[in-house]
Amino acid sequence: MSNELVEKLSEEKFAGKNPEWKEAKWGDIKVLCAWDDKNWYYKNGEVIYVQAKEGPGNSTSHCYGCGTEIEFGAQRQSKWLEEFDGPVGDGSVKLKHIPYCPTCEKEPEETSVIVEEGSLY
Ligand SMILES: [Zn+2]
């Protein structure tokens, strides 16, 4: 977690207080969410995304750290159950929409494999 970024956010937007982060979903990822009168703040690991609640910026969001507009990548995730010799299971594939900052983060892989460990038992 980038504490610097969180500190900057709390100073600039939350009058020096720590934002109250709540677990939330944005796109198809789990994020931590905080908000003030004007914006939603989504924290995804090291990166914080800002989305205006209303106004011209309503439909777009940007990266708090660098100001770059957030993009969504589509990722096909196949789910497998863990087995003794490689993954087994139905390998059901779901299309996920994953937000990312093109400057601070890598574009999400087009495919990923999720192994649910221990779900056989
Ligand atoms: Zn960025």
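This is a predicted model, so every value here is computed, not measured.

Cut-off values and rules
- Residues numbered from 1 in each chain as written.
- Predicted model: local features only at pLDDT ≥ 70, side-chain atom pairs only at ≥ 80, totals over all residues.
- Pairing = 2+ DSSP bridges.
- Helix = DSSP H or I, 4+ residues; strand = E, 2+ residues; numbered from the N terminus.
- Axes fitted to C-alpha atoms, helices over the stretch in contact; angles between N-to-C directions.
- Buried ≥ 20, exposed ≤ 12 C-beta atoms within 10 Å, placed from the backbone.
- Contact = placed C-beta atoms within 7 Å.
- Core = buried A, V, L, I, M, F, W, Y, C linked by C-beta atoms within 7 Å.
- Domains from an automatic or database assignment.

Structural notes on the pairing of strand E6 (residues 71-81)
With eight bridges connecting them, E6 and strand E7 (residues 93-100) associate as antiparallel partners. Counterpart to Ser78 in the pairing with E7 is Val93. With six bridges joining them, E6 and strand E8 (residues 111-116) adopt parallel strand pairing. Following the sheet pairing, Arg76 is matched in E8 by Thr111.

Considering the sheet that holds strand E1 (residues 22-26)
What the five strands build is an open sheet, ordered E1-E2-E3-E4-E5; its pairing is antiparallel. Bordering the open sheet on either side are E1 and strand E5 (61-63), each of which pairs with just one other strand. Across the sheet, the mean angle separating the axes of adjacent strands is 35 degrees when strand polarity is ignored. As judged from the three bridges shared by strand E4 (residues 47-52) and E5, these two strands associate in the antiparallel manner. Bridged to Tyr49 within E5 is Cys63.

Points about the sheet that holds E7
The three strands are arranged E7-E6-E8 in an open sheet whose pairing can be described as mixed. Two strands in the sheet have a free side with no partner beyond their single neighbour: E7 and E8. Strand after strand, the sheet turns through a mean of 40 degrees between neighbouring axes, direction not considered.

Digging into the environment of Glu107
Structurally, the position occupied by Glu107 is in the loop between E7 and E8. By the C-beta count within 10 Å, which is 11 here, Glu107 ends up exposed. Considered as a pair, Glu107 and Gln75 are 32 residues apart in the sequence and their alpha carbons are 10.0 Å apart. Excluding residues within four positions of it along the chain, Glu107 makes contact with Gly73 and Tyr100.

A closer look at the pairing of E4
In terms of burial, E4 is largely enclosed, as five of its six residues are buried. As paired elements, strand E3 (residues 39-44) and E4 share six bridges and run antiparallel to each other. Bridge pairing in E4 places Tyr42 opposite Tyr49. Hairpin connection, E3 to E4: the antiparallel pair is bridged by two residues, and Gly45 has positive phi, about 60 degrees.

Quick look at the environment of Glu54
Position of Glu54 among the secondary structure elements: in the loop between E4 and E5. What makes Glu54 exposed here is the crowd of 8 C-beta atoms within 10 Å. As for Glu54 and Asp37, which are separated by 17 residues in sequence, their C-alpha atoms are 9.9 Å apart.

A few points about unusual backbone geometry
If you check the backbone angles, Ala15 has positive phi at about 50 degrees while not being a glycine. Turning to its location among the elements, Ala15 is positioned in the loop between helix H1 (3-13) and E1.

Concerning the nonpolar core
Core analysis: the largest hydrophobic core is formed by 17 residues, its most contacted members being Tyr41, Tyr42, Ile48, Tyr49, Cys63 and Tyr64. Where this core is concerned, the elements lending two or more residues are H1, strand E2 (29-35), E3, E4 and E7. Here the element with the most residues in this core is E4; it accounts for four residues. Counting contributing residues per domain, this core is built from domain 1 (3-63) and domain 2 (71-116), each supplying no fewer than three. Ignoring anything within four residues of it in the chain, the contact list for Ile48 reads Leu5, Leu9, Tyr41, Tyr42, Lys43, Tyr64 and Gly65.

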